[in-house]
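Listed below, chain by chain, are the residues.
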Amino acid sequence: APASGAVISDVADVDGDGDLDFVRSTGSGTGGVVTNTLHRDQGGYAYTSEPLLAAVNLDEYPRFLDLDGDGDRDLVTGHDLHSGSSLYLHENSGGQLVLAATLAGTQGQIDAYGIDDVDGDGLVDLLCAPREAAYEFGLLSVYRRTGAFAYEAPRAYLTRHVRAFVDVDSDGDVDAVGNRSVRGHREHGPGSGAIRQYGAGTPGSLGIVPVLGASGPLQTGYANGELRVVSALGGASGLLVVGLQSSALPNIPFSGGTLYTSPILFSWPIQLGGPPGLPALGSYVLPIAQFAGIAGGLTFYHQVGIFDAGVAPGIALTNGLAVTYGF
């Protein structure tokens with residue numbers, strides 16, 4: 001962070017000319033004036049400079065993100081104030097960054113921005129976490145998008161300090177990473193369905209635990225929802241079990257394992273892709289559309305066992321996964 005100088009905050013090809021542009025923050029840090037400037041690469045180490053909201057005291061960590069899901073990089077930045085804040089969303093319109101929305105903040109200076117479709121409606125939403133590194137806890141804010149640059153009022157969650165938003169376990173949702181990683185979840189309104197990961201799996205080859213996740217919309221009739229297994233043995237066979245209740249039955253199906261749904265309603269044999277025999281590179285995707293016809297509002301509980309000769313039980317287990325189908 002710039003104490004009295006400048007820092008390159010983020011890099012992206014804003015105007016689609018094949019050169020990387022960057023946004024720079026310059027100022028005196030918290031309590032002083034901080035400005036954001038877009039620098040466009042003109043080739044040959046030549047850059048043009050475009051101040052962003054020159055009259056506003058901005059934060060030190062603007063980010064290029066595809067806020068509206070149209071494939072180009074927009075920009076989000078915020079107020080450098082700890083007693084309330086605002087977020088400024090710039091739309092990339094033909095390579096020009098145009099202020100498209102100003103959102104009320106729930107906290108002070110932002111350290112991490114991210115995007116994810118947290119409610120499974122097909123629109124990416126905005127995630128923000130504060131800079132308060134000196135404190136153990138902060139507020140993680142979720143802005144659910146309802147239109148091009150239209151958002152609901154933010155929902156704030158108490159969490160530990162977040163440095164970045166990234167899909168750590170490749171299960172299809174974004175996780176929060178900081179001094180304590182927080183596994184991602186999706187929040188949904190009535191009728192939209194819901195996802196909840198619970199429990200802990202058992203390791204496969206090389207000690208890597210396979211992960212079971214899902215992505216939405218989890219409403220019957222949609223074709224883009226899916227169940228997903230990742231970080232498993234490549235090319236392995238497995239068994240997906242589904243029940244109507246969650247459980248935590250110890251030492252089933254082997255000593256040290258835990259069965260996370262019981263009684264089992266039905267099972268589904270699966271075949272993972274990926275390089276055969278290579279640990280952690282196997283994956284499997286099952287479209288939710290295959291379950292079309294399930295009554296909305298029902299919750300099913302899932303777990304997958306992966307046959308893996310590289311571990312003593314001969315099988316690795318995923319976490320449990322609760323999926324509530326919308327209507």
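As the structure is a computational prediction, the values presented were derived from the model and not from experiment. (Residues numbered from 1 in each chain as written. Predicted model: local features only at pLDDT ≥ 70, side-chain atom pairs only at ≥ 80, totals over all residues. Heavy atoms only, no water.)

Draft legend 1. Geometry of the packing of aromatic side chains. Here the structure, examined in full by the defined rule, presents three aromatic pairs. Their ring planes at 65 degrees and their centres at 5.3 Å tell us that F22 and Y47 sit as a pair that is edge-to-face. Here the residue F22 occupies a position in strand β2 (residues 21–27), and Y47 occupies one in strand β4 (residues 46–52), the gap between them amounting to 25 residues. With relative accessibility at 16%, the residue F22 sits in the buried group. Residue Y47 is classed as partly exposed on the basis of its relative accessible area of 37%. A connected cluster of aromatic rings, assembled from ring pairs, spans Y198, Y260 and Y301. (Phe/Tyr/Trp six-rings, centres within 6.5 Å; stacked < 30°, edge-to-face > 60°. Helix = DSSP H or I, 4+ residues; strand = E, 2+ residues; numbered from the N terminus. Buried < 20%, exposed > 50% of the residue type's maximum accessible area, 1.4 Å probe, protein only.)

Draft legend 2. Structural view of the environment of S205. The topology assignment puts S205 in the loop between β15 (194–198) and β16 (211–215). When the C-alpha atoms of S205 and G277 are compared, they prove to be 9.3 Å apart, with 72 residues separating the residues in sequence. In this structure S205 touches L233, P279, D308, G310 and V311, once residues within four positions along its chain are discounted. Engagement of the side chain of S205 in a polar contact is seen with the side chain of D308, the distance being 2.7 Å. (Contact = heavy atoms within 4.5 Å. Polar contact = N/O pair within 3.5 Å; in protein donor to acceptor, adjacent residues only side chain to side chain.)

Draft legend 3. Seen up close, the pattern of salt bridges. Within this structure, the stated rule accounts for five salt bridges. Across the pair D10 and R63 runs a salt bridge, and its minimum N-O distance is 3.0 Å. Note that D10 is positioned in strand β1 (residues 6–12) and R63 in strand β5 (residues 63–65), a separation of 53 residues in sequence. A relative accessible area of 30% means that R63 is categorised as partly exposed. Between R40 and D15 there is a salt bridge whose closest N-O contact spans 3.3 Å. Pair noted here: R40 is in strand β3 (residues 34–43) and D15 is in the loop between β1 and β2, with a separation of 25 residues, a long-range link. Taking the relative accessible area as the measure of exposure, R40 reaches 5% and is therefore buried. (Salt bridge = Lys/Arg side-chain N within 4 Å of Asp/Glu carboxyl O.)

Draft legend 4. Spatial organisation of the pairing of β2. Of all seven residues that make up β2, five are buried, and the element is covered over most of its length. Across six bridges, the pairing between β1 and β2 is antiparallel. Of the residues in β2, the one forming a bridge with V11 is F22. As defined by bridge partners, β2 adjoins β3 across six bridges and the pair is classed as antiparallel. The residue of β3 that forms the bridge with F22 is H39. (Pairing = 2+ DSSP bridges.)

Draft legend 5. Quick peek at the sheet that holds β4. Pairing is antiparallel in the open sheet, where four strands are placed in the order β1-β2-β3-β4. In this open sheet, the two edge strands, each paired with only one partner strand, are β1 and β4. When the angles between neighbouring strand axes are averaged without regard to direction, this sheet yields 25 degrees. As defined by bridge partners, β3 adjoins β4 across seven bridges and the pair is classed as antiparallel. Each bridged residue has a counterpart across the sheet, and for H39 the counterpart in β4 is S49. (Axes fitted to C-alpha atoms, helices over the stretch in contact; angles between N-to-C directions.)

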